[in-house]
Amino acid sequence: MEDAFSGATLLRHVNDMMQRRRSQKGHTLLEAMMSAFLALICALIFTATIPVANLTRGKAENTNSAVSLAQKTIETLRGQGYPNTTPTQLLSNGLIQSTTPVNLHSIGAGTAGETGFEFTETDTGVVDSPRTVLPNGRGFIRTESLQMGLRRVTVIVIWQERSETKLVRLSTLVANL
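Presented here is an overview of the structure given in this document. (Residues numbered from 1 in each chain as written. Predicted model: local features only at pLDDT ≥ 70, side-chain atom pairs only at ≥ 80, totals over all residues. Heavy atoms only, no water.)

**Remarks on the overall build of the protein**
Link 1 in the chain: Check the secondary structure of the protein and you find four helices and five strands.
Link 2 in the chain: Burial analysis of the protein (177 residues in total) assigns 28% to the buried set.
Link 3 in the chain: Pairs at least 24 apart in sequence give 44% of the contacts found in the protein among residues at least 6 apart.
Link 4 in the chain: Just so you have it, the protein exposes about 11,600 Å², and 59% of that area is on carbon and sulfur atoms. (Helix = DSSP H or I, 4+ residues; strand = E, 2+ residues; numbered from the N terminus. Buried < 20%, exposed > 50% of the residue type's maximum accessible area, 1.4 Å probe, protein only. Contact = heavy atoms within 4.5 Å. Areas by Shrake-Rupley, 256 points an atom, 1.4 Å probe, with all protein chains shown as cover.)

**Description of the sheet that holds strand β4 (residues 150-161)**
Link 1 in the chain: With antiparallel pairing, the five strands of this open sheet are ordered in space as β1-β2-β3-β4-β5. Whereas interior strands pair on both sides, the edge strands pair on one side only; in this sheet they are β1 (102-103) and β5 (164-175).
Link 2 in the chain: Of the pairings in the sheet, the one linking β4 to β5 comprises twelve bridges and is antiparallel in character. Bridge pairing in β5 places Val-157 opposite Val-168.
Link 3 in the chain: Along the sheet face, helix α2 (residues 29-80) touches β3 (138-147), β4 and β5 and points at about 155° away from the line of β4. (Pairing = 2+ DSSP bridges. Axes fitted to C-alpha atoms, helices over the stretch in contact; angles between N-to-C directions.)

**Side note on the side chain of Asn-62**
Link 1 in the chain: Structurally, the position occupied by Asn-62 is in helix α2.
Link 2 in the chain: Relative accessible area serves as the criterion here: at 16%, Asn-62 is assigned to the buried category.
Link 3 in the chain: Ignoring anything within four residues of it in the chain, the contact list for Asn-62 reads Leu-134, Pro-135, Trp-159 and Glu-161.

**Details of the pattern of salt bridges**
Link 1 in the chain: Throughout the structure, instances matching the rule amount to ten salt bridges.
Link 2 in the chain: Between Glu-144 and Arg-142 there is a salt bridge; the shortest N-O distance is 3.7 Å.
Link 3 in the chain: In the salt-bridge network here, residues are joined through shared partners; they are Glu-114, Arg-142, Glu-144, Arg-152 and Arg-169. (Salt bridge = Lys/Arg side-chain N within 4 Å of Asp/Glu carboxyl O.)

**Concerning the side chain of Thr-172**
Link 1 in the chain: For Thr-172, the position within the fold is in strand β5.
Link 2 in the chain: In this view, Thr-172 contacts Ile-74, Arg-78, Arg-151, Arg-152 and Val-153; residues no more than four positions away in its chain are not counted.

**Description of the nonpolar core**
Link 1 in the chain: Grouped together as the largest cluster of nonpolar side chains are 20 residues, with contacts concentrated most on Leu-77, Ile-141, Val-155 and Val-157.
Link 2 in the chain: Only α2, β4 and β5 provide two or more residues apiece to this core.
Link 3 in the chain: Apart from the residues within four sequence positions on either side, Val-157 is in contact with Ala-66, Leu-69, Ala-70, Phe-119, Leu-134, Arg-138, Gly-139, Lys-166, Leu-167 and Val-168. (Core = buried A, V, L, I, M, F, W, Y, C linked by side-chain atoms within 4.5 Å.)

**Quick word on the environment of Pro-87**
Link 1 in the chain: Relative to the assigned elements, Pro-87 resides in helix α3 (residues 87-92).
Link 2 in the chain: Along the primary structure Pro-87 and Ser-98 are separated by eleven residues, whereas in three dimensions their C-alpha atoms are 8.1 Å apart.
Link 3 in the chain: Aside from chain neighbours lying at most four places away, what touches Pro-87 is Ile-96, Thr-99 and Phe-117.

**Description of the environment of Val-157**
Link 1 in the chain: Among the structural elements, Val-157 can be located in strand β4.
Link 2 in the chain: Residue Val-157 is classed as buried on the basis of its relative accessible area of 0%.
Link 3 in the chain: Once the C-alpha coordinates of Val-157 and Leu-69 are considered, the two residues, 88 residues apart in sequence, prove to be 7.9 Å apart.

**Examining the packing of aromatic side chains**
Link 1 in the chain: Applying the stated criterion to the full structure yields zero aromatic pairs.
Link 2 in the chain: The ring of Tyr-82 is capped by Arg-151, whose NZ or CZ atom sits 4.2 Å from the centre of that ring. (Phe/Tyr/Trp six-rings, centres within 6.5 Å; stacked < 30°, edge-to-face > 60°. Lys NZ or Arg CZ within 6 Å of the ring centre and 35° of its normal.)

**Overview of the environment of Thr-165**
Link 1 in the chain: Secondary-structure assignment places Thr-165 in strand β5.
Link 2 in the chain: Between the C-alpha atoms of Thr-165 and Asn-136, which are 29 residues apart in sequence, the distance is 9.5 Å.
Link 3 in the chain: Polar side-chain contacts of Thr-165 include one of 2.6 Å to the side chain of Gln-160. (Polar contact = N/O pair within 3.5 Å; in protein donor to acceptor, adjacent residues only side chain to side chain.)

Right, here's the structure in full:
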């Protein structure tokens, strides 16, 4: 006679339970909870990246806007020609606000003694106002004579991102041809 606790009986009992378990449909509560937990972790990881992506996108948009504004201004100045790159002509053409130079070093946009003419509030058909395009945006045009008939024109666009001042500076040479 076989004992109820013999090895063969126990093995048959375990095999029967495993076959019944395999034939049952559905999932246990523990499996469902684990699936829900994994889905929650994936959702949290995904949503955590969204603010970083938005911040990075915003910074890229500001930089693109500043570079575009500086390029448009440079092209406008080059198109005006050498005689129109003096402060008086820049003012009469509506490209700067005043012929009074601004100390760029005092606003964190240049080296000691460097000055420029502000175009923050000017808005021509070609060049937009830095104030309207960028957060706390300001723009400056700096002209310097290098030699007879040759000027370096520099456009500086600054803006604020959070508590940081950002800057784009583009230069070109304009010759008297």
